[in-house]
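# Structural overview for review
Listed below are the residues making up each chain.
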Amino acid sequence: MDKLVIRGGRRISGSITASGSKNTSLPIIAATLLTGQGTFTLHHIPDLKDILTFTQLLHHLGVETSYSGNTLKVSSRNVESLQAPYELVKKMRASIYVLGPLLARFGHARVSLPGGCAFGPRPIDLHLLAMEKLGATITIETGFIDATAPDGKLHGAHIDFPISSVGATGNAVMAAVLAEGRTTISNAAAEPEIETLCKFLIAMGATIKGTGTTELEIEGTDSLNAVEFHNIFDRIEAGTLLAAAAITGGDITINGVEPEQLKAILKKFVQAGCSVETTVNSVTLKSNGKLLPTDVTAKPYPAFPTDMQAQWIALMTQAEGTSNITDKVYHERFNHIPELNRLGAHIEIRKNQAIVHGPQRLSGTKVMSTDLRASASLVLAGLVAAGTTEVLRVYHLDRGYEKIEVKLNSLGADISREKYNEF
Ligand code: EPZ
């Protein structure tokens, strides 16, 4: 197993290019299941464990893929199985994204229930609601979702999501593009990941109106084609790297970004006392080492994202005062807090709110990763902690960050990746 050994106290400074978005890659890779016409060429696909897991799932279904230099080629000409097994789905919840495409193209799909994760039950009832609205009959037995479209075809419908769900919106759109007739979706997720999925589907030949908004209208079509497509940047990786510069009193320029998609995050960095400048495709942050306490409430896009909540809490341990961080998306996404407190932070949890008392001097020790963004927050804390911090079980980190220690070392950090045995 790998750990990251971080020698703290060094400033992050320099420029870097953002990787491709993990949370856009997953639905667009799933969408390749919608057609056997041709081979897809997907650029700017990050080299992550979650992407590998997803391609393993596609291979299990009979799909051919090849990956090199952040370009993924996919051909879904010979899909032989419509079943997503537990062994793969339990490794990555986003496997549920195959449900909509398989059901829409083949009229049947059998997907293992994904189970929960480190920060909560992660239900999928909204995914199933959308499929049933589109005409599917769904049974759940022996841990599997078994979905069938009567006569092999879904039909258009009006889907009104009671809460905003990125995954359920993605599944609904991917199913609707091959359904007969018109589908309208209210309270759709407006995240850039879903906006980009819609653009990808339109490039494939789908008819979708309202992309990037919470109201979508899809006209079903009979067939779609494979395309070449450039994935967007990873806004959460970018936000995490900005936090690395802010927490160490450094400076960073990130190229290859769309500042508009970082708006809520950048606004908070400015409130925290950092200077932020943007161009059409880059962002530069400078910190003078003084951080102001800044409250944050994580909500669906365009608000501050829940995937940056843990990183913000780490940053606020160094702010000169108390900050309140509330997560309205995942009320229990606070596994990073006990570990940050072991580094010397003073953070209290009250229901779905963290109260961060700063500034606290952190001192390095061994800390345990529990989930992807929690591990990112521990790395950020390690950058500023005195002495050496060892972040264990970095397989969590590798799910969503492409060689983060290489990136941070190129910006002045002192991090080594080492093997270790837990017991
Ligand atoms: C996506 O997960 C992201 N994952 C998550 O990022 C992100 O935290 C989340 O969206 C919120 O932005 C991917 O894109 C692969 P949701 P998803 O459905 O789609 C509830 C990371 O760190 N809900 O938008 O699973 C749910 O419990 C990961 O990269 C239902 O009740 O999230 C949550 O409270 C972690 N029923 C809220 O909706 C459902 O059927 C939002 O979840 C589905 C969701």
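Computed from a predicted model, the values in this text were never measured in an experiment.

## Topic: the sheet that holds strand β6 (residues 83-84)
The sheet built from 4 strands is open, its strands ordered β6-β7-β9-β8 with mixed pairing. The strands lining the two open edges of the sheet, one partner per strand, are β6 and β8 (137-141).

## Comments concerning the side chain of His 43
Along the chain, His 43 falls in strand β3 (residues 40-43). Setting aside residues no more than four positions away along its own chain, His 43 makes contact with Asn 70, Thr 71, Glu 228, Phe 229, His 230 and Asn 231.

## What about the pairing of strand β19 (residues 322-327)?
When strand β18 (residues 296-298) meets β19, the two strands line up parallel, connected through 3 bridges. Bridging from a neighbouring strand, Thr 297 pairs with Thr 326 of β19. Taken together, β18, helix α10 (residues 309-316) and β19 constitute a β-α-β crossover, and its handedness is right-handed. Judged from the 5 bridges that link them, β19 and strand β21 (residues 353-357) form a sheet pairing that is antiparallel. For Thr 322, the partnering residue across the bridge sits in β21 and is His 357.

## Some words on helix α7 (residues 192-203)
Between its first and last C-alpha atoms α7 spans 16 Å; for 12 residues at 1.5 Å apiece the expected length is 16 Å, and the two agree. The complete set of buried residues in α7 reads Pro 192, Glu 193, Ile 194, Thr 196, Leu 197, Cys 198, Phe 200 and Leu 201.

## With respect to the packing of helix α1 (residues 22-31) against helix α2 (residues 49-61)
As a packed pair, α1 and α2 sit with axes 10 Å apart at the nearest point and diverge in direction by 10°. Our classification of the angle between α1 and α2 gives roughly parallel. Contacts between α1 and α2 pair Lys 22, Ser 25, Leu 26, Ile 29 and Ala 30 from the former with Asp 50, Ile 51, Phe 54 and Leu 58 from the latter. Class assignment of the residues belonging to the contact of α1 with α2 gives a composition of 6 nonpolar, 1 polar and 2 charged.

## Things to note about the pattern of salt bridges
In total, this model carries 25 salt bridges according to the counting rule given. Put simply, Asp 47 and Lys 403 hold a salt bridge, and the shortest N to O gap is 3.6 Å. Placement of the pair is Asp 47 in the loop between β3 and α2 and Lys 403 in the loop between α13 (395-398) and α14 (404-410), with a sequence separation of 356 residues. A relative accessible area of 42% means that Asp 47 is categorised as partly exposed.

## Some details on the site of the ligand
Taken together, 24 residues surround the ligand, and among them Asp 125, Leu 126, Ser 165, Asp 307 and Val 329 come closest. At 3.5 Å from an oxygen atom of the ligand is found a main-chain nitrogen or oxygen belonging to Ile 124. In the environment of the ligand, an oxygen atom lies 3.1 Å from a nitrogen or oxygen atom belonging to the side chain of Tyr 330. For the ligand, the protein covers 86% of the area, taking 820 Å² as the surface of the free molecule. Secondary-structure elements contributing two or more residues to the shell around the ligand are α1, α5 (125-133), α6 (166-176) and α12 (372-384). Of the residues contributing to the shell around the ligand, the split by class is 11 nonpolar, 6 polar and 7 charged.

## Focus on the sheet that holds strand β14 (residues 228-230)
In space, the 4 strands of this open sheet follow the order β4-β5-β3-β14, with mixed pairing throughout. Taken across any chain shown, the strands that pair with only one partner, and hence form the sheet edges, are β4 (64-68) and β14. Along the sheet, successive strands turn relative to each other by an average axial angle of 15°, direction set aside. Sheet topology note: the β4/strand β5 (residues 71-75) ladder contains 5 bridges and is antiparallel. Within β5, the position partnered with Tyr 67 by the bridge is Leu 72.

## Describing unusual backbone geometry
Backbone torsion omega between Tyr 301 and Pro 302 reads 15°, so that peptide bond is classified as cis. The step from Gly 358 to Pro 359 runs through a cis peptide bond, and the omega angle for that step is -5°. Examined against the element boundaries, Pro 359 turns out to sit in the loop between β21 and β22 (366-368). In this structure, His 44 takes a positive phi of about 65° despite not being glycine. Residue position: His 44 is located in the loop between β3 and α2. Here the phi dihedral of Thr 142 falls at roughly 45°; this positive angle occurs in a residue that is not glycine. Summarising the element assignment, Thr 142 is placed in the loop between β8 and β9 (144-148). Looking at Thr 142, the relative accessible area reads 70%, which means it is exposed.

Procedures and definitions
Residues numbered from 1 in each chain as written. Predicted model: local features only at pLDDT ≥ 70, side-chain atom pairs only at ≥ 80, totals over all residues. Heavy atoms only, no water. Pairing = 2+ DSSP bridges. Helix = DSSP H or I, 4+ residues; strand = E, 2+ residues; numbered from the N terminus. Contact = heavy atoms within 4.5 Å. Right-handed = clockwise from strand over helix to strand, strands pointing away. Expected span 1.5 Å × (residues − 1). Buried < 20%, exposed > 50% of the residue type's maximum accessible area, 1.4 Å probe, protein only. Axes fitted to C-alpha atoms, helices over the stretch in contact; angles between N-to-C directions. Parallel < 35°, antiparallel > 145°, perpendicular 65-115°, else oblique. Nonpolar A, V, L, I, M, F, W, Y, C, P; charged D, E, K, R; others polar. Salt bridge = Lys/Arg side-chain N within 4 Å of Asp/Glu carboxyl O. Near = heavy atom within 4 Å. Polar contact = N/O pair within 3.5 Å; in protein donor to acceptor, adjacent residues only side chain to side chain. Areas by Shrake-Rupley, 256 points an atom, 1.4 Å probe, with all protein chains shown as cover.

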